Structure formats: C-alpha cells, structure tokens
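Residue-level listing of the chains:
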Amino acid sequence: GGGKLQAADVRAMLGTVERNQVVGVLRALAAGDGTALMAEADTIASYSPDFGAVLDELAALLHRLQLIQLVPGYRDADSDDDADIAHLAKAIGAENTQLYYQLAIGGRRELDLAPDARTGFEMALLRMLAFAPDDAGSTPPASGMPAPNPARAAPATAGGQGRAVKA
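Definitions and limits used
- Residues numbered from 1 in each chain as written.
- Predicted model: local features only at pLDDT ≥ 70, side-chain atom pairs only at ≥ 80, totals over all residues.
- Heavy atoms only, no water.
- Helix = DSSP H or I, 4+ residues; strand = E, 2+ residues; numbered from the N terminus.
- Buried < 20%, exposed > 50% of the residue type's maximum accessible area, 1.4 Å probe, protein only.
- Contact = heavy atoms within 4.5 Å.
- Areas by Shrake-Rupley, 256 points an atom, 1.4 Å probe, with all protein chains shown as cover.
- Phe/Tyr/Trp six-rings, centres within 6.5 Å; stacked < 30°, edge-to-face > 60°.
- Axes fitted to C-alpha atoms, helices over the stretch in contact; angles between N-to-C directions.
- Parallel < 35°, antiparallel > 145°, perpendicular 65-115°, else oblique.
- Left-handed = near helix turned anticlockwise from the far one by under 90°.
- Expected span 1.5 Å × (residues − 1).
- Polar contact = N/O pair within 3.5 Å; in protein donor to acceptor, adjacent residues only side chain to side chain.
- Core = buried A, V, L, I, M, F, W, Y, C linked by side-chain atoms within 4.5 Å.
- pLDDT = per-residue confidence, 0-100.

I'm lost on the overall build of the chain in this one. Help?
Assigned secondary structure in the chain consists of eight helices and zero strands. Scanning the chain from its N terminus toward the C terminus, one meets helices and strands in the order α-α-α-α-α-α-α-α. Looking at the chain residue by residue over its 167 residues, the buried ones come to 31%. Pairs at least 24 apart in sequence give 67% of the contacts found in the chain among residues at least 6 apart. As displayed, the chain has an accessible area near 10200 Å², and 54% of this comes from carbon and sulfur atoms.

As structure tokens, this is what we get:
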C-alpha cells in the first residue's frame, strides 16, 4: 500500500469483496438481467475472492432482505445501506428471496464439486437467474430468453424403464 493502509488494498490482499458488490448481484437478479449479473460476477472475480465467502455474504444479505420483507418494523441497527436493502426487499419477492437463499447455500456446498470455484459461483448465480417460483410473474428475463419451462426441468419416465417422455 505504499506505506498507507487502505481498505481496498486489504480487500484485494485478502480476496474479499465489498457488500455493495454483492448488492449489485441482487440488483441484477431483481432485474432479471443476465448480462449485468455476469458483469458483477466478473468484477467480483477480479478480486480473486474466496467464492464460498462471497456466497456466504450473499446468503447473509438475503437473510436481511427476508427479515425486512416478513417482520414488520424490522430494522438492522448495524446497517449503513438501508436504502439499497429496502429497495431490494421490495423488488425481489419473498418467495424469490427464499429460493435465492437456498441456491446460495446449495452453491456454497457444491463449490468443491465444480471444475473450479469461479465456475461453481457463476453456476449458482445462473441458477438464481434461471429459476423462479411459478407465481413470480410472466415477464421473461431481460436477456430476451424465454422463461424456463418447469415441465422440462426434470424428464418424466415411462413405465419405470428410465426413458424420458417428450412433453
């Protein structure tokens, strides 16, 4: 740091990311914007972070969102980003918050199974983008891709013989 102790230098050295970068991930998810989501993932990856810690931070932020969404009058006294969090709590449905939380902690568990940690991290984010509860609305993601068809998510089998049945 050239004789100066700066937060950005410490984060770079430790491979940690700022909370506003994780908030950026949630903004992109709320907008259904795959391009913005991958841009946020690239920015985060540029810090060579512990991707498990990033998913932990994402899960913690989703926990805060859910408290705001479901507990009347909840306010985090230790938070200095209340405006961003309050906006996200309104922009992301309570069902999606639960889904994103489950996908974040599931992605955390699966990091060691991925070809590399960045791929595992990005796939967790892409799962969040791809899957949403049926009642989340019918607006397709901003990427222009059609919404996933739940009927195609898991092939049905015919007669127990393990052959997929076409929908």
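Having seen the model, we can carry on.
What is the right way to look at the packing of aromatic side chains in this model?
Note on aromatic pairs: each is described by the distance of the centres and the angle between the planes. Inspection of every chain in the model, using the stated rule, returns one aromatic pair. Their ring planes at 35 degrees and their centres at 5.0 Å tell us that Phe51 and Phe121 sit as a pair that is tilted. Of the two residues, Phe51 sits in helix α4 (residues 51-70) while Phe121 sits in helix α7 (residues 117-130), which places them 70 residues apart along the sequence. In this structure, Phe51 and Phe121 share a single accessibility class: buried.

Teacher, can you tell me more about the packing of helix α2 (residues 19-31) against helix α5 (residues 82-91) here?
Helix packing geometry: the angle between the two helix axes and the distance between the axes. Two elements in contact, α2 and α5, have axes separated by 10 Å at closest approach and are oriented at 25 degrees. On the basis of their axis angle, the class for α2 and α5 is roughly parallel. Every pair of crossing elements has a handedness; the one defined by α2 and α5 is left-handed. Here Val23, Leu26, Arg27 and Ala30 of α2 come into contact with α5, specifically with Asp84, Ile85, Leu88 and Ala91.

Would you explain α4 in this entry?
Owing to its 3.6 residues per turn, the α-helix brings residues three or four apart onto one side. Under the 1.5 Å per step criterion, the end-to-end length of α4 is 28 Å for 20 residues, consistent within 8% with the ideal 28 Å. Tucked into the core, α4 has its buried residues touching α2, α3 (34-45), α5, α6 (94-110) and α7. Measuring from the side-chain oxygen of the N-cap residue of α4 to the backbone nitrogen of Gly52 gives 3.0 Å; that N-cap residue is Asp50.

I tried to follow the side chain of Gln66 on my own but got confused; where do I start?
Considering the arrangement of structural elements, one finds Gln66 in helix α4. Assessed through its relative accessible area of 9%, Gln66 is described here as buried. The residues contacting Gln66, other than those within four sequence positions of it, are Val71, Ala94, Thr97 and Gln98.

What should I look at first to understand the nonpolar core in this one?
Across soluble globular proteins, nonpolar side chains have a tendency to be buried as a group. Leu26, Leu58, Leu65, Phe121, Leu125 and Met128 are the most contacted members of the largest nonpolar core, which totals 30 residues. At eight residues, the largest contribution of residues to this core is made by α4. Sequence-distant contacts of Phe121, that is, excluding residues within four places in its chain, are made with Ala41, Ile44, Phe51, Val54, Leu55 and Leu111.

How do you make sense of the packing of α4 against α6 when you look at a structure like this?
In contact at an axis separation of 9 Å, α4 and α6 are set at 160 degrees when each is read in the N-to-C sense. Between α4 and α6, the angle falls in the class roughly antiparallel. Judged by the sense of rotation from one axis to the other, the crossing of α4 with α6 is left-handed. Across the interface between the two elements, Gly52, Ala53, Leu55, Asp56, Leu58, Ala59, Leu62, Leu65, Gln66, Gln69 and Leu70 from α4 touch Ala94, Thr97, Gln98, Tyr100, Tyr101, Ala104, Ile105, Gly107 and Arg108 from α6.

Just to check I follow, could you spell out the confidence of the model for the chain for this structure?
Caution applies to low-pLDDT regions: their predicted coordinates should not be interpreted in detail. On average, residues of the chain carry a pLDDT of 79, and 65% of them reach 70 or more. Taken element by element, the predicted model of the chain shows its lowest mean pLDDT in helix α8 (residues 150-153) (39) and its highest in α7 (98). For residues 9-15, every residue scores under 50 in pLDDT, and the model assigns this stretch eleven contacts once sequence neighbours within four places are set aside. Considering only residues more than four positions removed or in separate chains, one finds that residues 143-167, a stretch of pLDDT under 50, has 16 contacts.

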